[in-house]
Amino acid sequence: MTSSASPGLARFNEAPAGTASALLHEVCASRAWAAAVTGGRPYAGLDDLLAASDTAMAALGVADLAEAMSGHPPIGRPAPGDPVSAREQSGVQAAQRERLLELNLAYQDVHGHVFLICATGRTGDEMLAALEQRTGNDADTEREIVRAELGKINRIRLSRLAERPAVAEGDPS
């Protein structure tokens, strides 16, 4: 590790493997992805961590992608008590939730899994349009779009993990 590592990244680099894996599970539910990223430590900087994440994401098989998707609630329905999914889906307005649910169900009938999109910075209308468009994709095309969207989500979440400030003594966070 070099001095360019942020405090959050330094803590991640120095954490026991089990702790690092648990932190990564909050980023992505794929055990294969987490094992690959944990195994690449220490990272000199955020760019190195993100590159490792991208490489691990590219290597995931179909079952690993399904495991990664299992950690994501449907768009428009953030997991109760989950501030991360609520923040990421903040572009969805209450009036759009019913239509998103309807389209999510149609998508799941076609593809067999939840619709996954990097919602950060997108409006509800943008997500609805993507959902409508992507429902008609073939399985191989959609799997690669899902892989790319998961990669974007992981990069955002890893950046937040690496940027976490030092924890003050006695602070439980």
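Provided above is the structure to which this section pertains.
Predicted model only: the values in this text are computed from it and were never measured. (Residues numbered from 1 in each chain as written. Predicted model: local features only at pLDDT ≥ 70, side-chain atom pairs only at ≥ 80, totals over all residues. Heavy atoms only, no water.)

## Considering the overall build of the protein chain
Thinking step 1. Counting its secondary structure elements, the protein chain contains nine helices and zero strands.
Thinking step 2. The linear arrangement of helices and strands in the protein chain, starting from the amino end, is α-α-α-α-α-α-α-α-α.
Thinking step 3. When the 173 residues of the protein chain are sorted by exposure, 42% land in the buried category.
Thinking step 4. Intrachain contacts of the protein chain at a sequence separation of at least 6 include 70% that bridge at least 24 residues. (Helix = DSSP H or I, 4+ residues; strand = E, 2+ residues; numbered from the N terminus. Buried < 20%, exposed > 50% of the residue type's maximum accessible area, 1.4 Å probe, protein only. Contact = heavy atoms within 4.5 Å.)

## Quick look at the nonpolar core
Thinking step 1. By size, the foremost hydrophobic cluster in this structure holds 40 residues, and its most contacted members are Phe12, Trp33, Val37, Leu150 and Leu158.
Thinking step 2. Those elements giving two or more residues to this core turn out to be helix 1 (7-14), helix 2 (17-27), helix 3 (31-39), helix 4 (46-59), helix 5 (62-69), helix 7 (94-111), helix 8 (124-134) and helix 9 (139-163).
Thinking step 3. If one sorts the elements of this core by residue count, helix 9 sits on top with six residues.
Thinking step 4. Discounting chain neighbours no more than four positions away, the residues touching Leu150 are Met57, Leu65, Ala68, Met69, His72 and Leu116. (Core = buried A, V, L, I, M, F, W, Y, C linked by side-chain atoms within 4.5 Å.)

## Overview of helix 3
Thinking step 1. Among all positions of helix 3, only Trp33, Ala34, Val37 and Thr38 are buried. Taken end-on, helix 3 shows its buried residues confined to a sector of 125°, consistent with a single buried face. For helix 3, exposure combined with an orientation more than 90 degrees from the buried face picks out Arg31, Ala35 and Gly39.
Thinking step 2. On the buried face of helix 3, the contacting elements are helix 1, helix 2, helix 4 and helix 9.
Thinking step 3. One side-chain oxygen at the N-terminal end of helix 3 lies 3.4 Å from the backbone nitrogen of Ala32; it belongs to Ser30. (Arc of directions from axis to C-beta. Polar contact = N/O pair within 3.5 Å; in protein donor to acceptor, adjacent residues only side chain to side chain.)

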